[in-house]
Amino acid sequence: MSQIRDKKAHRKHIATMTPINAKSVQLIELHAFAYCLLSVSLSESFDFLKNQDGQGVNNRRTYKNIPFYLSSRMYGTFYHTCAHSKLSLTGHSTRSVQFLSDQALLDVFVIGGDTMEDILRGYRDLTGYPSMPPLWSFGVWMSRMTYFSADEVDEICDRMRAEHYPCDVIHLDTGWFRTDWLCEWKFNEERFPDPKGFIGRLKKNGYRVSLWQLPYVAENAEQIDEARANDYIAPLTKQQATDGSNFSALDYAGTIDFTYPKATEWYKGLLKQLLDMGVTCIKTDFGENIHMDALYKGMKPELLNNLYALLYQKAAYEITKEVTGDGIVWARSAWAGCQRYPLHWGGDSCSSWDGMAGSLKGGLHFGLSGFAFWSHDVPGFHTLPNFMNSVVADDVYMRWTQFGVFTSHIRYHGTNKREPWHYPAIAPLVKKWWKLRYSLIPYIIEQSKLAIESGYPLLQALILHHPEDKLCWHVDDEYYFGNDFLVAPVMNSENRRDIYLPEGKWVNFFTGERLEGACWLKDVYVPLEEMPVYVRANAVIPIYPEDVDCTDEMDLSKSMALRIDNDYKGFWTMIDCGRKSVSYTHLRAHE
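These lines cover the structure that appears in this document, whether it is placed above or below. (Residues numbered from 1 in each chain as written. Predicted model: local features only at pLDDT ≥ 70, side-chain atom pairs only at ≥ 80, totals over all residues. Heavy atoms only, no water.)

## Observations regarding unusual backbone geometry
Part 1 of the reasoning: Backbone torsion omega between M145 and T146 reads 15°, so that peptide bond is classified as cis.
Part 2 of the reasoning: Locating T146 in the fold gives a position in the loop between β9 (140-142) and α2 (150-162).
Part 3 of the reasoning: Of note, F286 is a non-glycine position whose phi angle comes to about 60°, a positive value.
Part 4 of the reasoning: Within the secondary structure layout, F286 lies in the loop between β14 (281-284) and α6 (301-324). (Helix = DSSP H or I, 4+ residues; strand = E, 2+ residues; numbered from the N terminus.)

## What to know about helix α10 (residues 441-451)
Part 1 of the reasoning: Among the 11 residues in α10, eight count as buried, and that is most of the element.
Part 2 of the reasoning: Every buried residue of α10 is listed here: I441, P442, Y443, I444, I445, Q447, S448 and A451.
Part 3 of the reasoning: Packed against the buried residues of α10 are α1 (116-127), α9 (427-439), β21 (479-481), β22 (485-487) and β28 (540-543). (Buried < 20%, exposed > 50% of the residue type's maximum accessible area, 1.4 Å probe, protein only. Contact = heavy atoms within 4.5 Å.)

## With respect to the sheet that holds strand β25 (residues 514-516)
Part 1 of the reasoning: Read from one edge of the open sheet, six strands run β20-β21-β22-β27-β24-β25, paired in antiparallel fashion. A strand with exactly one partner marks an edge of an open sheet, and here the two such strands are β20 (459-460) and β25.
Part 2 of the reasoning: In this structure, β21 lies alongside β22, joined through three bridges in antiparallel fashion. Considered in β22, the bridge of Y480 is made with L486. (Pairing = 2+ DSSP bridges.)

## Things to note about the side chain of H382
Part 1 of the reasoning: When you line up the elements, H382 lands in the loop between β18 (377-378) and α8 (394-405).
Part 2 of the reasoning: By relative accessible area, H382 is classed as buried at 13%.
Part 3 of the reasoning: What H382 contacts, discounting residues up to four positions off in sequence, is D348, S349, C350, S351, F387 and T415.

## Let's talk about the pattern of salt bridges
If charged atoms from side chains of opposite charge come close, those side chains can pair.
Part 1 of the reasoning: A complete count under the given rule lists 28 salt bridges for this structure.
Part 2 of the reasoning: Where D231 meets K297, a salt bridge forms, and the shortest distance between an N and an O atom there is 3.1 Å. Linking D231 in the loop between α4 (224-229) and β13 (254-255) with K297 in the loop between β14 and α6, this pair joins segments that are 66 residues apart in sequence.
Part 3 of the reasoning: Here the residues in one salt-bridge network are E265, K268, K314 and E318, joined through shared partners. (Salt bridge = Lys/Arg side-chain N within 4 Å of Asp/Glu carboxyl O.)

Right, here's the structure in full:
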């Protein structure tokens, strides 16, 4: 092995293992006890690195597999492959890591560093850095599955403005086509008679429009004959059985072949027509499954399956940036390198405490896999016991809102109504937290600029700051939001939780209470209107001092510094005092 990099003042060591060629499947073992990301059960078997419909966030299937892990011995390992693979930290021995690849080639990078952030930066040196999402993307996104007409959307957007619920994006899911779920990349002419005018009116009112679509062509889609005749979808070699999901690639006639440049340009053309109307974001849903019994131009399906997400999102990102100037998608699937094309959300979580906990755990792992930006469906995607129609509990909606406010991006979405006025008992509280979100946007922008130039994500596992604290390797229900906030969401109806404060001096963001770290706060009662959020003592938090209805109304040069000094009495106190706290002083224009 050889050291190939020593960059600036950050000592990063990236060692390459000579590629191994063989006629059979390869197994490599790295002998060093390690934690993979957070903690791992010692009874764990192999993890199968194959992108597939996760069908939620609480099982071993996953939309996103990244062939990279971090060790507690301060190194990371990146397996440069797109083949179906298996990874185990404990299957053979608790002292070795095993990686099993279906491809008869191994290209392995071992990345060293003085800090976890160093290692993640080394990984991004290899696979790419995230780009900066636009300002408006950090506001509230409103959606449900689904809105069916321009009139319905206009009514919702007008009400949010009239009642001063700040919001920047309205997302149209599966219902904007001629037939629900029949993706033809064209608006229904009866229910959306003037799409360009409709989008333009929303833009004047401060709303961007995001559209759902997917990378498959249906049998009865308008484009099916053209797609087949030109091999824009990969020809099938046999009919495949469904994989058990009601929302599956296998329900469609074919998968768009992004290994074929002409197919990629054809797809970009479909999106360009929409972007030229004023659409600002494409939801690149699905992509984790492809038709495996098909003939793709550029590679075999066994190698394309995992890589497909990267090619798919790259195409949508590039045409969006070309037309609108903003590089952004809203993506579900991922593989190594997809961090270059933000942003990604967690998938179809259940609107339950388990769904929320699973979403957070997934987000922490995602941030330790090279991704800076991440979101989740607030307050979960589907409900129980009725998948589509059960009402979300008020406390789940509120707690998930609080979690969303302290996430890089916040989008409401799900199988039924998600607008806050449908939850009247908590609607005023939801509005209060949305306004807090907009107050924090200058801080979120500051931390995002740091993230795209470093190894940091916005949602940070505690080990990024405290790798020497063994407790932090096992805490998967708290996180840093940027480098200054410590967030501990409440995820139960009892409104209680234990909170671990890592080493340092901490100040309760909402009350001003001062605490010394390296301790547990046991069985803390947290009223529904509050969430445990702490900030580093003496931190300076840039915030926006005025209420706005959307980011178009923001002038970031008006951002102000919230100083967490000895005079700080808590954020809500400052607001109640008319934003005239002695801890609140002007900043120069935000750079």
